[in-house]
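Summary of structural features
Single-letter residue listing:
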Amino acid sequence: MPIEPARLSFADDGTPQSEAYGDIYHSRDGGLEQSHHVFLAGNGLPERWQGREQFTVLETGFGLGLNFLATWNAWRQDGQRCGRLHYVSAELHPFTRTDLATLHTRWPELRALAEALQAQWPALTPGFHRLHLDEGRVVLTLLFGDARALLPQLVCQADAFYLDGFSPAANPELWSEGLLRCLPQLAAPGATLATWSVSGSVRRALASAGFECEKTAGFRGKREMLRAIFPKTGSADRPVEHARRHALVLGAGLAGSSIACRLAEYGWLVDVVDGAPGPGHGASGNLAGVLRPLPSLDDNRLARITRAGALYGLRHLARLSAQGLDVHWDACGVLHLARDPVHENKQRKVVEVHSPPTDYLRFVDSDEASRLAGWPLPVGGWWFPGGAWVNPPSLCAANLASHSSRVRCHYSRSVQRLERVGDEWVAYDASGKPIAAAPIVILANGVGVRGIAQAAALPVRSARGQVTHLVGGLGSAPSVVVCRLGYVSPAIDGIRCAGATFSVNDDETALRDADHKENLAKLDFILPGFASQQALADPPGRVGFRPASPDRLPMVGALPSASTIERGTALAAIPRYPDLHTVEGFGARGLVWAALAGELLASRLSGAPLPLERELVEALDPGRFLFRPVKCPITEE
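Every value quoted in this text rests on a predicted model; they were computed, and no experiment measured them.

1. Let's talk about the packing of helix 9 (residues 301-322) against helix 12 (residues 392-401)
One way to put it is that helix 9 packs onto helix 12 with a least axis distance of 11 Å and a crossing angle of 65°. Accordingly, the angle class assigned to the pair helix 9 and helix 12 is roughly perpendicular. For the pair helix 9 and helix 12, the crossing hand works out as left-handed. Touching His316, Leu317 and Leu320 of helix 9 are Leu395, Ala398 and Asn399, all from helix 12. Of the residues contributing to the contact of helix 9 with helix 12, the split by class is four nonpolar, two polar and no charged.

2. Let's talk about helix 3 (residues 97-104)
By the burial criterion, the buried members of helix 3 are Asp99, Leu100, Leu103 and His104. Along the long axis of helix 3, the arc covered by the buried residues comes to 135°, so they all point the same way. In the core, the buried residues of helix 3 are packed alongside helix 2 (66-77) and helix 4 (111-120).

3. As for the side chain of Asp159
By the secondary structure assignment, Asp159 is in strand 7 (residues 158-163). The exposure class of Asp159 is buried, given its relative accessible area of 8%. Within the local environment of Asp159, its side chain forms a polar contact with the side chain of Arg52, the two groups lying 3.0 Å apart.

4. A short note on empty space enclosed by the protein
In this approach, a probe sized like a water molecule rolls over the atoms, and the result shows the empty space that is left. Per the stated rule, a full pass over the model turns up five cavities of 30 Å³ or more. Of the pockets and cavities examined, the largest cavity occupies roughly 130 Å³. Around the largest cavity, the lining comprises 17 residues; the ones closest to its centre are Gly127, Phe128, His129, Ala308 and Leu612. Those elements that provide at least two residues to the lining of the largest cavity are strand 5 (127-133) and helix 9.

Calculation notes
Residues numbered from 1 in each chain as written. Predicted model: local features only at pLDDT ≥ 70, side-chain atom pairs only at ≥ 80, totals over all residues. Heavy atoms only, no water. Axes fitted to C-alpha atoms, helices over the stretch in contact; angles between N-to-C directions. Helix = DSSP H or I, 4+ residues; strand = E, 2+ residues; numbered from the N terminus. Parallel < 35°, antiparallel > 145°, perpendicular 65-115°, else oblique. Left-handed = near helix turned anticlockwise from the far one by under 90°. Contact = heavy atoms within 4.5 Å. Nonpolar A, V, L, I, M, F, W, Y, C, P; charged D, E, K, R; others polar. Buried < 20%, exposed > 50% of the residue type's maximum accessible area, 1.4 Å probe, protein only. Arc of directions from axis to C-beta. Polar contact = N/O pair within 3.5 Å; in protein donor to acceptor, adjacent residues only side chain to side chain. 1 Å grid on protein atoms, 1.4 Å probe; cavity = no way out; pocket = protein on both sides within 12 Å on 5 of 7 lines; lining within 4 Å. Points joined across faces, edges and corners; volume = space filled by probe spheres on them.

Rendered as structure tokens:
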């Protein structure tokens, strides 16, 4: 369902209120003071996070973000704070960035934190949104949508719960027995809970779920509040943190550099091995690629994961740039033109049905599309204002440099085999000499993964792609990326990229004239009459071999040790190699998948809340191909 933003409104005394629910967002006696008394003190904070490597808070009802800002501020002021604070919060009606900024002026003591939050505030689209704040030491995961649907999709072990929706009378859904009974599946052993509500139905539902509840003194005018503890162990499928934070990553392209970057930020030591002389050579070596999602009318898995990946990828690029790293990219916008009038109507309907925020996606007619592209166009299409072109090699290098003290690179070393020796995996070269060893190995070496014996169950196929380079003058059209069964980039350092071909199981490494002609034909389809005015650059193009999966989704997770299993077997029951994982199968969407895939696997290995819904995590599981037929052929679009 489309996300309907909250409307800015105030009660007669100036307290922020919700017109939709007829209730106020915080106590009239003081919102910040209420946060400290009810939620922080009610959960024994800051004392309970002291000395911990990480601590996770789960909240129902993000609202103004005041509880989050109060918690973040208390964490910053605590000299014995945990190493990393995870904060997960659901919100059906989030505020716009502009309205949040207006509301946050009420607490000038939180100004710096509020502005940092506003700067990363995501597009108001459904699903999970992960933000990294305070140099990555505070991780905010926002769940936009109905908490009743999203909390069962969350993989998390919360140390503290903040129950802070509108009152049970005004918003009974957020206090329903069904929702509260989900909490044990999200609770770490000994998790605590606090809320201002002492409703009998809430107490009974929590007790039925296994929480031991007690009433305690409420905030100012409210006589009582509720505290609880969950003494049981909780769910068995929550993330489990690895004690030895040392990983060996095969591949220094988009996949390998991304997982290395994310693991290093979580405090891991990472050895990266690649047969090339540096990062971003193979399939990640193109001059420019496109970063934008792929919507659908039914908002299918591909649409949801590309949306999450594109939005997270853009925030990741912004973080790298803010660190002063030399990553070459530009959020110039991406125009995805319709193939024909029928497709144009479908694109228009997607926007009408999903009502996305205009800063994320809107439909433009042919006249506006022509103005955006700077070229006359016969059709309209989707306009992604935040879409970008990215230079992949610079991104790979920036990923590895972002935490260079914890990343060791071994270039010009090709791994021929992996062997489990004791409690470590050892990577050997062709002469049998060990290159590096670690307790955990992650295969992210593109089509090279097919040479690793343990990866035999992965249906990774090689997709040859040839890009054509054209001479591009500064300021010449188009100044945005334009896609239409292919793509053309703006001029980047005097070269414009057009393409690309997509040929499965084609091993030809040399540039082919036939492929240049195919790319120029695509270019003429994108911008009619444009190709005839173009001249080939020097070099005239590039060939790369992309690892593709049969269903167009990447493979992220633990590597299956079986080649086939009985139909109907649960993913959790698939036999796996110990501590052997993969990030593979990006196909033509490496820029869309890479950052989020790295964050997903790094979160899983670090015992952190996962940044994607459970059903989407399962859709990416490498074991999915062992027992169900593939329905989607490998294609470029």
